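What follows is each chain in one-letter form.
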Amino acid sequence: MNQTNDICPKCGAPLSDVTETATGRKLQRCSQGSWNPQTHKNEGCDYVKWLEVEPKTLDELCPKCGAPLVLQVTRFGKKMKKCSAGSWDKEAKKAIGCDYIEWVNGTTEKLNEICPKCGHELVLYTTANGKKMKKCSTSGWDSAAKKATGCDFVVWLKAGQTASDTGEEYLPPEEF
Ligand SMILES: [Zn+2]
Ligand SMILES: [Zn+2]
Ligand SMILES: [Zn+2]
């Protein structure tokens, strides 16, 4: 699959290589256009082609039926795990097969940084919509008592430090 042979429908120039946004979505820009991070504007041709994100099969099994789960990214960048035995019948507008779905609320990565409050390690938490924060690895949520546990140190990363590097927040709206 060589998608770089695609042609821009606006100006006829070839499209650039596929790039991935902070939320794991894929897109191709027109090679006659470029993103200027200083002005937060597209220069030249502003055509952007969003690509379908192919579901990734996970090493996890569906708790309902035992089939493998797949990771899907919605067009809004939200992630969900769903059962590979389930699918959507477009004509009948209903789910067929197994209907197990689990929304992925965010991911955590270990950082080589130490919490200034308690000295434990910090983790980088990415929310479902791609926002990032550093928080203390000892923090947690006691769902029975409905309160936060452990250390409460949190630093939100500004958009300028992460997501806007890809220009994602300033891209033209998706075409439906
Ligand atoms: Zn173009
Ligand atoms: Zn299932
Ligand atoms: Zn801490």
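Scroll up a little and you will see the structure.
Computed from a predicted structure; not experimentally measured.

Asker: Hey, could you run me through the pairing of strand β4 (residues 41-44) in this one?
Answerer: Put simply, side chains in a regular strand alternate between the two faces of the sheet. Sheet analysis places strand β3 (residues 33-36) next to β4, joined by four bridges and oriented antiparallel. Residue pairing across strands places S34 opposite E43, the latter belonging to β4. What sits between β3 and β4 in their antiparallel hairpin is a turn of four residues, with H40 showing a positive phi close to 55°.

Asker: Can you walk me through the sheet that holds strand β17 (residues 154-156) in this structure?
Answerer: Strands in a sheet are paired, the pairing made by backbone hydrogen bonds, and the direction either parallel or antiparallel. Across the sheet, which stays open at both edges, the four strands sit in the order β12-β13-β14-β17 with antiparallel pairing between neighbours. The sheet terminates laterally at β12 (106-114) and β17, the two strands that pair on one side only. For this sheet the average axis-to-axis angle between neighbouring strands, irrespective of direction, equals 25°. Of the pairings in the sheet, the one linking strand β13 (residues 121-127) to strand β14 (residues 132-136) comprises five bridges and is antiparallel in character. When the bridges of β14 are listed, Y125 appears paired with M133.

Asker: Help me understand the environment of R29, please; the structure alone is not making it clear to me.
Answerer: One can find R29 in strand β2 (residues 26-30). Given 23 C-beta atoms within 10 Å, R29 falls into the buried group. If near-sequence neighbours (up to four positions away) are discounted, R29 is found in contact with L15, S16 and V48.

Conventions we followed
Residues numbered from 1 in each chain as written. Chains lettered and ligands numbered in written order. Predicted model: local features only at pLDDT ≥ 70, side-chain atom pairs only at ≥ 80, totals over all residues. Pairing = 2+ DSSP bridges. Helix = DSSP H or I, 4+ residues; strand = E, 2+ residues; numbered from the N terminus. Axes fitted to C-alpha atoms, helices over the stretch in contact; angles between N-to-C directions. Buried ≥ 20, exposed ≤ 12 C-beta atoms within 10 Å, placed from the backbone. Contact = placed C-beta atoms within 7 Å.

Keep in mind these numbers describe shape, not what the thing actually does.
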